[in-house]
Amino acid sequence: MTSLMSSPKELRFAWENAVCMHVSGAADEPPWQRMDDWGKIGAQSSRLMYLLLLTHDDEVDLITTTPEFSAECIQHVKESFRKGADEGHFHQENDTQCLTDLPLQEPGYSRRPATEELDQITTLSNGVRVATEALPGHFSGIGVYIDAGSRYENEYLRGCSHIMDRLAFKSTDNKTGDEMLEAIESLGGNIQCASSRESLMYQSATFNSAVPTTVALLAETIRNPKITEEEVEQQLETAAYEIGEIWSKPELILPELVHLAAFKDNTLGNPLLCPKERLSEIDRNTIQAYRETFYRPERMVVAFAGVQHDVAVKLAEQHFGDMPKSAPLLSQTGAETSLESESSESSSGSASFSTPASPPQKPSNLISRIPFFKNLSTSASKNASVQHTPYINPLELHQPSHYTGGFLALPPLPPPISPMMPALTHIHLAFEALPISSPDIYALATLQTLLGGGGSFSAGGPGKGMYSRLYTNVLNQHGWVESCMAFNHSYTDSGLFGISSSCSPSKAIHMLDVMCRELQNLTLETGFSSLSITEVNRAKNQLRSQLLMNLESRMVELEDLGRQVQVHGRKVGVREMCKKIEELTVKDLRRVAKQVVGGLTQNAGRGSGSPTVVLQEGQEEGVALRRLEWDDIQDRIARWKLGRR
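Since the structure is predicted, the reported quantities are computational estimates derived from the model, not experimental observations. (Residues numbered from 1 in each chain as written. Predicted model: local features only at pLDDT ≥ 70, side-chain atom pairs only at ≥ 80, totals over all residues. Heavy atoms only, no water.)

Colleague: Before we go on, may I ask you to explain the environment of Q542 in this structure?
Modeller: Tracing the backbone through its elements, the reader meets Q542 in helix α16 (residues 533–550). Counting along the chain gives 93 residues from Q542 to T449, while the straight-line C-alpha distance between them is 7.4 Å. (Helix = DSSP H or I, 4+ residues; strand = E, 2+ residues; numbered from the N terminus.)

Colleague: Hey, could you run me through the packing of helix α15 (residues 508–521) against helix α20 (residues 630–639) in this one?
Modeller: In a packed pair of helices, the relevant descriptors are the angle between the two axes and the axis-to-axis distance. Two elements in contact, α15 and α20, have axes whose closest approach is 10 Å; the angle formed by their N-to-C orientations is 35 degrees. As for the relative orientation of α15 and α20, their crossing is right-handed in sense. Together, I509, L512, D513 and C516 of α15 and I633, R636 and I637 of α20 make up the contact between the two elements. (Axes fitted to C-alpha atoms, helices over the stretch in contact; angles between N-to-C directions. Left-handed = near helix turned anticlockwise from the far one by under 90°. Contact = heavy atoms within 4.5 Å.)

Colleague: Just checking my understanding: could you explain a negative patch on the surface for this structure?
Modeller: Together, D178, E179, E182 and E185 line one region of the surface with negative charge. Mapped onto the elements of the fold, E185 is located in helix α6 (residues 177–187). (Patch = residues over 30% accessible without salt bridge, like charges linked within 9 Å, V, L, I, M, F, W, Y side chains within 5 Å. Areas by Shrake-Rupley, 256 points an atom, 1.4 Å probe, with all protein chains shown as cover. Salt bridge = Lys/Arg side-chain N within 4 Å of Asp/Glu carboxyl O. Lys, Arg positive; Asp, Glu negative; His and termini not counted. Charge placed at Lys NZ, Arg CZ, Asp CG, Glu CD.)

Colleague: Sorry if this is basic, but what is going on with the packing of α16 against helix α18 (residues 574–582) here?
Modeller: Interaxial distance between α16 and α18 falls to 10 Å at its minimum, and their mutual angle equals 170 degrees. One finds that α16 runs roughly antiparallel with respect to α18. Of the residues in α18, those touching α16 at K540, L543, R544, L547 and L548 are V574, M577, C578, I581 and E582. Per-class residue counts for the contact of α16 with α18 are 7 nonpolar, no polar and 3 charged. (Parallel < 35°, antiparallel > 145°, perpendicular 65-115°, else oblique. Nonpolar A, V, L, I, M, F, W, Y, C, P; charged D, E, K, R; others polar.)

Colleague: Got a minute to help me understand the nonpolar core in this structure?
Modeller: One finds Y202, Y295 and F320 to be the most contacted residues of the largest nonpolar core, which totals 74 residues. Examining the composition of this core, we find that 7 residues originate from one element, helix α9 (residues 250–262), more than from any other. Summarising the domain contributions, this core has at least three residues from each of domain 2 (119–321) and domain 3 (406–640). Those residues within four positions of F320 in sequence are excluded, and the remaining contacts are N126, V128, V144, V215, A219, I222, R223, M300 and V302. (Core = buried A, V, L, I, M, F, W, Y, C linked by side-chain atoms within 4.5 Å. Buried < 20%, exposed > 50% of the residue type's maximum accessible area, 1.4 Å probe, protein only. Domains from an automatic or database assignment.)

Colleague: Could you clarify how one ought to interpret the pattern of salt bridges in this entry?
Modeller: Pairing between side chains becomes possible if they bear opposite charge and their charged atoms approach one another. As enumerated under the stated definition, the model contains 27 salt bridges in all. K571 is paired through a salt bridge with D560; the nearest N and O atoms lie 3.6 Å apart. A residue pair is termed long-range when its members are at least 10 positions apart, and K571 in the loop between α17 (554–568) and α18 and D560 in helix α17 qualify at 11 residues. By relative accessible area, K571 is classed as buried at 9%. Linking D635 and R645 is a salt bridge whose minimum nitrogen-to-oxygen distance equals 2.5 Å. Here D635, found in helix α20, pairs with R645, found in the segment after α20; they are 10 residues apart in sequence, far enough to count as distant. Accessibility expressed as a relative area gives 30% for D635, which makes it partly exposed.

Colleague: Explain the side chain of N208 to me, please; I cannot follow it from the model alone.
Modeller: Mapping N208 onto the fold places it in the loop between β5 (200–207) and α7 (211–223). When its relative accessible area of 0% is taken as the criterion, N208 is described as buried. Within the local environment of N208, its side chain forms a polar contact with the backbone oxygen of G137, the two atoms lying 2.9 Å apart. (Polar contact = N/O pair within 3.5 Å; in protein donor to acceptor, adjacent residues only side chain to side chain.)

This is the structure we're talking about:
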């Protein structure tokens, strides 16, 4: 199906061919007059038609890409499709289940006419937001999303987000730890808790009939946990082992260090992993202080995927409606909405924030205590301003993230024990990117898809980015490159965009030049290496395809709903996203590339525009290499006209 979902035009041709194969009729009849009997159309053709309709907002848009179909024809197709869907004529490919067999009356299942919106949001009297997206299926998704995470932590709460997700689903006021575990296993679904920089997420995918029980379990572990000293100690021990494992793998820890260097000593630069020295300082009282700060109704979104809205509101009211409404002390940050403060637009685009002049730069208080590394060198760029706020009042949560840029050099990796394993140098190059609320976020995501990349062994096959720039220009050209891929991290008020790579230690400086060249090529107006319409359209189609296929997962759909309501205050529909991707032009992508890699991004935190580089060099047996210095790296990046100094 991947190749069939490339573009509306390809979908149209594939669908037409399928219709001609499955629907009988006179040769001179228009296609739409032969579509009344939808039961004769195969599952693949019906799904292709559904995707074709899904990627267009109205008849006018569809006529633009299908000029041979009249407006009357398209309208008839839509009506027939909806009629066929409502009557359950479309079978799955194995013909073992049709839509009419779905448990329409099971608790939690929802179905609404196609003309209505599938998502709804209701705010309870205490500030809890209830969001639903009613899509059919055997499973429903339930999630509780809390505005918490490492970016909000001060020194006292540092590392608590990492420990909090491990304390989920332990003993409560009504259940022992074993009883809670038994109740979860009896559901037969998937239930989990995870923390990120800006959110704490409790999520579950379960049978429709188990929705009420699942909501009750989520509410119990969120609102009434015992959090005994013994449980805290157990999770601290587990976290210590986990931290050691992650720090031993450069591919896992280097993306974390990019954030620490890019947002030095503030917000998004706070460690996602609990620092090692904090493990001995966190106890039950610290966890309770974290809960009192963040577990407030106005900071919660209860999301349901595949549940009727009225049912979802009743369940949320039953289990979360009696939470006491907090005093309006907690402001939100970035593009998030506040219960009694300004809208997301005014907070994310506010120009009132000014960065105070910084004193002469000192080593980072936080980075100097990174576990397992004693000889860690760090330096922001020469003119970068750093906002030193090591102690923040836990209730002052409106501080914008301030991008500093900078450099982190980790101790060299020892030569591999096995001669079959190559010695590798790892380089991450990043620039401040756009917040998730920016209208240009779709152009940035398309640029990431266009760059693509991957590992030298796995990338490049059909469906694996064989036409991406980092494969054709880097992995396919330089045998000394082990991996090279683009990354894009978007947050409520800032982001990071760049390239990560691994190469032979002797080629590290050449690798940096190759990375800079590929980023600069995105900004070129003319020439062989400038952006072309063909590759931009290919990247747009790939991005839409990935979007649609990812949303087939109930858990992805659920998280997308919950986080969007947290960030935007509403659900941005898939049709709206696909339309914005389709409208992108080469000029749009070039403009956004110049803004990001040129260090010209203007977010609320007024970042420095300097590049961020994280480097861990490898050592080859019997070979002495000159260490790369920050001044040399800055000079080389500046020659490619990237970032600001």
